[in-house]
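Overview (structure and organization)
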Amino acid sequence: DLVLDSSGSQKDRQEKVAAQAYILAQALEMAKIPFRVSSFQTLLGCTVIHQFHDYFDRSSSSNVLGYFPDAANRDGYALRLVRARMLKKSSHKNVMIVLSDGKPFYVHVGVNTQASFRNSPSDNEKAIRDTADEVRQIRAENIAVFGLFTGVEEDLLAAQKIYGSGFAYIKNSDRFAEIVAKILLNQIRNIN
């Protein structure tokens, strides 16, 4: 599963994330590896999963170029939903690749109030812990999880807390496909 953080903090990187997802999808398609591509965002407390491509779709994976970041994001909850969907299929080796800026957002649900969208530093830490806990749970289900960091350097620490050693920050997009191919092969080999 290729999972895209589609939060508003990704707006400045919309084309880059869409292009990276497209490259990954094309590589998986050419290798005849069944894959699903989806994105997530949280709107007024509701997490929405948008599916661009399913495992055995005959349609082109170019739908991922319609990626549009907006709203907030509850990464931990979204990954929990994707994990549940993955466990419904029978497969020997499951890999989840998450393209994220490492900025999960803790959403306070409120009605007609601006305060419901403010985030405090403790909320940010809570969101990071929630996402890291979910990544550990996914790995406990024998699903390899790998984060591809799409954000800015100031958020690298959050990505490290969430994904541990299972993440990459690829600054040079010319080597994106090469680096991701190596990472993916290592992740598949490491699954019990």
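The written sequence of each chain sets the order in which its residues are numbered from 1. Where local features are concerned, this predicted model is filtered to residues with pLDDT of at least 70; where side-chain atom pairs are given and counted, the filter is 80 or more; whole-chain, interface and lining totals use all residues. The side-chain numbers reported here are obtained from all heavy atoms of the structure, hydrogens and water having been left aside.

**Here's the deal with unusual backbone geometry**
In this structure, K32 is a non-glycine residue whose phi angle is positive, near 60°. A 1.4 Å probe rolled over the protein chains alone gives each residue an accessible area, and that area as a share of the maximum for its type sets the label: buried under 20%, exposed over 50%, partly exposed in between. A relative accessible area of 72% places K32 in the exposed class. At N142, a residue that is not glycine, the phi angle is positive and equals roughly 65°. Take N142: its relative accessible area is 33%, and that puts it in the partly exposed class.

**Describing the sheet that holds strand 1 (residues 2-5)**
Note on pairing: two strands pair once DSSP finds at least 2 bridges between them. Comment: elements are numbered from the N terminus, with helices defined as DSSP H or I runs of at least four residues and strands as E runs of at least two. Spatially, the 6 strands line up as an open sheet ordered 3-2-1-4-5-6, and their pairing is mixed. Here the strands that pair on one side only, and so sit at the sheet edges, are strand 3 (46-53) and strand 6 (167-169). Each strand axis lies, on average, 20° off the axis of its neighbour in the sheet, ignoring direction. Strand direction decides the pairing type here: strand 4 (residues 94-100) and strand 5 (residues 143-149), joined by 7 bridges, are parallel. Note on geometry: axes are lines fitted to C-alpha atoms, helical ones only across the stretch in contact, with angles between N-to-C directions running from 0 to 180 degrees.

**Brief notes about helix 2 (residues 75-87)**
Every helix has an expected span of 1.5 Å times one less than the residues it contains. Between its terminal C-alpha atoms helix 2 stretches 18 Å, which fits the 18 Å expected from 13 residues at 1.5 Å a residue. Taken together, the buried positions of helix 2 are D75, G76, A78, L79, V82, R83 and M86. One side of helix 2 holds all its buried residues, which, seen down the axis, span an arc of 160°. Note: the arc covers the axis-to-C-beta directions of the helix.

**Let's talk about the nonpolar core**
Of all hydrophobic cores here, the largest spans 25 residues; its most connected members are L2, L4, L24, V37, I97, L99 and L148. Mapped onto this core, the elements with two or more residues apiece are strand 1, helix 1 (14-30), strand 4, strand 5 and helix 5 (176-190). Residue contacts are defined here by distance: any two heavy atoms, one from each residue, within 4.5 Å place the two residues in contact. The contact partners of I97, leaving out residues within four places of it in the chain, are D1, L2, V3, L24, F146, L148 and L184. Only buried residues count toward a nonpolar core. Its members are Ala, Val, Leu, Ile, Met, Phe, Trp, Tyr and Cys residues joined through side-chain atoms within 4.5 Å. Counting residues in hydrophobic clusters, the runner-up holds 20 residues, among them Y55, V82, V135 and V145.

**Description of the confidence of the model for the chain**
The predictor reports its confidence for every residue as pLDDT, a score running from 0 up to 100. Averaged over every residue, the pLDDT of the chain is 85; the share at 70 or more is 88%. Looking over the chain, one finds the lowest element-wise mean pLDDT in helix 5, namely 74, and the highest in strand 1, namely 96.

**Comments concerning the environment of L4**
For L4, the location among the structural elements is in strand 1. Distance from L4 to D101, taken between C-alpha atoms, is 9.7 Å for residues 97 residues apart in sequence.

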